[in-house]
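Residues per chain are reported as follows:
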Amino acid sequence: AGVGKSTLATLLAQRFGITRVIATDVIRHVLRASFSPDVMPEVHYSSFEASRAVDSRIDAADDPDLAGFARQAESVATGIEAIVERACEEGTPMIMEGVHVVPGVLPSELRERCLAVEALVVVNDEALHRGHFSLRGGDRPAERYLARFEQIRKLQRNLIERADREGVPVIDNGNVDQALGAVVALALDAA
């Protein structure tokens, strides 16, 4: 949360003339509308609050923040795969953005059928990352995010570790122009 994924996705779409930008939060909202909290509790929270859906059945060694997020990401993964599958079948370019696009989430057989370019966007500088939340408004007040900032940073560290294991490039969005340039270069190299 708060690293500029949506901003970069929008800028990238404009740069390449891509008209489909899908946010994984939309998938989570569809799941939330389709399944009650009793059936799928993890989708009824933000990624950094998903630990609230974790109950005492998890192993005591598991971190509730990471376990809750993992369950939420697994729930959203089916929707991600279906949308990417459809884009591959249609030959339609698209950008999928969101915290739920966990490095390595796409199955290898799907990756072989389309040109998938993956990157993890982060903000390494904690003060800058905190500052990103002050730009939010409406139903996303900064205080809500800042109260869970440690959980957000923990998720980022976990995703960086996973990106390293999966060989997914990590792009620091300390400067939006430099980050956009890095993402554009990744896409052009892949093409």
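Being a predicted model, the structure only gives us computed values, none of them experimental.

K.L.:
Even after reading the chapter, I still don't get the packing of helix 3 (residues 64-90) against helix 7 (residues 149-166), so can you show me in this structure?
P.N.:
The geometry of a pair of packed helices is captured by two quantities: the angle between their axes and the separation between those axes. Where helix 3 meets helix 7, the axes come as close as 10 Å, and the angle between the chain directions of the two elements is 65°. Classified by the angle their axes make, helix 3 and helix 7 are roughly perpendicular. Note on packing geometry: the crossing formed by helix 3 with helix 7 is right-handed. Contact with helix 3, carried on its side by Asp65, Leu66 and Phe69, involves Gln151, Lys154, Leu155, Asn158 and Leu159 of helix 7 and no other residues of that element. Looking at the contact of helix 3 with helix 7 residue by residue, the class counts come to 4 nonpolar, 2 polar and 2 charged.

K.L.:
Would you explain the pattern of salt bridges in this entry?
P.N.:
Pairs can form between side chains of opposite charge once their charged atoms are near each other. Counted under the stated rule, the structure contains 9 salt bridges. Put simply, Arg28 and Asp25 hold a salt bridge, and the shortest N to O gap is 3.0 Å. Remark: Asp25 and Arg28 occur in helix 2 (residues 24-34); sequence separation between them is 3 residues, near one turn of the helix. With relative accessibility at 4%, the residue Arg28 sits in the buried group. The salt bridge involving Glu85 is made with Arg113; its shortest N-O contact spans 2.9 Å.

K.L.:
Got a minute to help me understand the layout of surface pockets in this structure?
P.N.:
One way to see where empty space is left: roll a probe the size of a water molecule over the atoms. Taken as a whole, the largest pocket spans an internal volume of roughly 1100 Å³. Forming the boundary of the largest pocket are 45 residues, of which Met94, Ile95, Met96, Val117 and Glu118 lie nearest the centre. Elements supplying a minimum of two residues to the lining of the largest pocket: helix 1 (5-16), helix 3, strand 2 (95-97), strand 3 (120-122), helix 7 and helix 8 (176-190). Of all the elements, helix 1 adds the most residues to the lining of the largest pocket, at 5 residues.

How each quantity is defined
Residues numbered from 1 in each chain as written. Predicted model: local features only at pLDDT ≥ 70, side-chain atom pairs only at ≥ 80, totals over all residues. Heavy atoms only, no water. Axes fitted to C-alpha atoms, helices over the stretch in contact; angles between N-to-C directions. Helix = DSSP H or I, 4+ residues; strand = E, 2+ residues; numbered from the N terminus. Parallel < 35°, antiparallel > 145°, perpendicular 65-115°, else oblique. Left-handed = near helix turned anticlockwise from the far one by under 90°. Contact = heavy atoms within 4.5 Å. Nonpolar A, V, L, I, M, F, W, Y, C, P; charged D, E, K, R; others polar. Salt bridge = Lys/Arg side-chain N within 4 Å of Asp/Glu carboxyl O. Buried < 20%, exposed > 50% of the residue type's maximum accessible area, 1.4 Å probe, protein only. 1 Å grid on protein atoms, 1.4 Å probe; cavity = no way out; pocket = protein on both sides within 12 Å on 5 of 7 lines; lining within 4 Å. Points joined across faces, edges and corners; volume = space filled by probe spheres on them.

None of this, on its own, says anything about what the molecule does.
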